[in-house]
Amino acid sequence: MSLFRKIQDSLVRPLAMRALLTLERIESGVAYNPLSPALRADPYPVYEALRRKDPVHRMRLQDAWVLTDYADVDMVLRDSRRFGNAGREFGYIPQVSMLDLDPPEHARIRGLVSHGFTPRSVAALEPRIRETVRTLLSSVSGKERFDLIAALAFPLPVIVIAEMLGVPPEDRERFNEWSNVVSLIVDPLLNDEQVRQVQQAVSEVFTYFEAVAEERRRNPQDDLVSALVTAEVDSERLERDDLLVNLLLVLVAGNETTRNLIGNGTLALLRHPHELEKLRDDMELLGGAIEELLRFDSPVQLDSRVARERVVLRGRRIAPGQRVICILGAANRDPQVFTDADRMDVGRPAGNHLAFGRGIHYCLGAPLARLEARVAFEELLPRLDGLRLAEEPRYRDQVTLRGLEFLWLESA
Ligand code: HEM
């Protein structure tokens, strides 16, 4: 049990947490508390302080190091020999997806799963994605007030993935609920009730997909489950557990992240009306603008690794087995890499952001996420004329992912 979990479970949790954060502040002049509501609302000033005062920061709530400088984050994500993914999972379920594997197993599983994500199969989804976006937006057209998360950002990725997986429409509601619960699995600090909910949902998802996979083995269709059950590399196939846990990964990795890109991106545009106008006047900028939105308010804020050997970084000694938390959201605002990094600029040359990670675990779904975002913004931007924020939006209570609970818009 981690030090954090022991403290959480004890009655002295608030006091102990305060003491550990004070210790951090004494040691480095800055503290990193992922549970702080202030960080949730706006993490960027804290990231800036960490990067300036202590870019390789010893976190005391967990036995971990926190990196905020682009060059360090980039180095760690590329160096899969010294910084691995295996062993970083939080142990909520026994099965391990490709996300938590190291070479050579990682390449084998990723090679098999990527059969379902060929450029051709992703590009072929565009007409259906557009039809879905139009249907979703037409249900709110003419309304004085609506929540863009509920209307578009939440349902779109779920529908796209459900269709890719071959989930029939009558199962969509259950699929929505599972998707919401299982995405908690990427958070390091769940309470016991959340862990129970995640395990229950995972068990239901596994039972469901096991039956679908069995059916597709006998009767392959044009969907992702069929692609995965028939995929073969060097005469190897996915075993049952690998198949199920990687289907689960697609569900977890693809839904809330894409929802956050659409939600955070729309909010950023509404808060920068000049940039929104620039983009609406020249839709050719959209591809680059999506990269800028990914950089500016990254849907996945953290990515972690476990040190495989002793590493000295900027004079700090990282011990084997210690967790290294790479703050993608901070690296993406590093002024040494991005000029005027806190400014959102839809015309910024499409960059080198780390929102999809880097190295061997680079997001397998990036082309799909970009396609969904492009189609969503192509359809949404003309409609944003005359719409404004109806109330201050709130970010969801999460550590790893950053996204809005709701985004209420109203006619101007
Ligand atoms: C804006 C949307 C998205 C963002 C910001 C995002 C971000 C990321 C990041 C940061 C990683 C790297 C994790 C690591 O290094 O440990 C990752 C991996 C992954 N993502 Fe995404 N993702 C998005 C959408 C999607 C979609 C739509 C899918 C699939 C439907 C997907 C599937 C995956 C998979 C399978 C991996 C694991 C790759 C591996 O371990 O080799 N993602 N994603």
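Above this text you will find the structure in question.
Numbering of residues starts from 1 in each chain and follows the order in which that chain's sequence is written. Note on the predicted model: pLDDT of at least 70 is required for a residue's local features to be given, and 80 or more for side-chain atom pairs to be given and counted; whole-chain, interface and lining totals, by contrast, use all residues. Think of the side-chain values as coming from all heavy atoms in the structure, minus any hydrogens and water.

1. Considering helix 16 (residues 286-296)
Basically, it comes down to this: The buried label goes to any residue with under 20% of its type's maximum accessible area, the exposed label to any with over 50%, and the partly exposed label to all in between, with areas taken from a 1.4 Å probe on protein chains only. Helix numbering and strand numbering both begin at the N terminus, where a helix is a DSSP run of H or I of at least 4 residues and a strand a DSSP run of E of at least 2.
In terms of residue burial, helix 16 counts as a mostly covered element, since 10 of its 11 residues are buried. By the burial criterion, the buried members of helix 16 are Leu286, Gly288, Ala289, Ile290, Glu291, Glu292, Leu293, Leu294, Arg295 and Phe296.

2. A few points about the sheet that holds strand 2 (residues 64-67)
As a reminder, the rule being used: Strand pairing is assigned whenever DSSP detects at least two bridges linking the two strands. Residue contacts follow a heavy-atom distance rule, with two residues in contact if any of their heavy atoms lie within 4.5 Å. In this description, a line fitted to the C-alpha atoms serves as the axis of each element, helices being fitted only across the stretch in contact, and the angle between N-to-C directions of two axes falls anywhere from 0 to 180 degrees.
Spatially, the five strands line up as an open sheet ordered 1-2-8-5-3, and their pairing is mixed. Each of the sheet's edge strands pairs with one partner strand only, and the pair in question is strand 1 (56-59) and strand 3 (83-84). In terms of strand pairing, strand 1 meets strand 2 through four bridges, oriented antiparallel. Following the sheet pairing, His57 is matched in strand 2 by Val66. Lying on the sheet, helix 5 (residues 70-78) is in contact with strand 1, strand 2, strand 3, strand 5 (302-307) and strand 8 (323-327); it crosses strand 8 at an angle near 125°.

3. So, the state of the cysteines
Convention followed: The disulfide definition used here is simple: a pair of cysteine sulfur atoms within 2.5 Å.
Scanning all chains against the criterion turns up zero disulfides. Looking at the unpaired Cys326, the closest cysteine sulfur is the one in Cys363, lying at 16 Å.

4. Observations regarding helix 8 (residues 126-138)
Definition in use: For a helix, the expected span equals 1.5 Å multiplied by the number of residues minus one. The reported arc concerns the directions from the helix axis to the C-beta atoms and nothing else.
For helix 8, with 13 residues, the first-to-last C-alpha span of 18 Å sits near the 18 Å given by 1.5 Å per residue. Among the residues of helix 8, Ile129, Arg130, Thr132, Val133, Leu136 and Leu137 are the ones counted as buried. All buried residues of helix 8 project into a common sector of 160° when viewed along the axis, lining one side. Away from the buried face of helix 8 by more than 90 degrees, exposed residues Pro127 and Thr135 are located.

Purely spatial values, then, with no claim about function.
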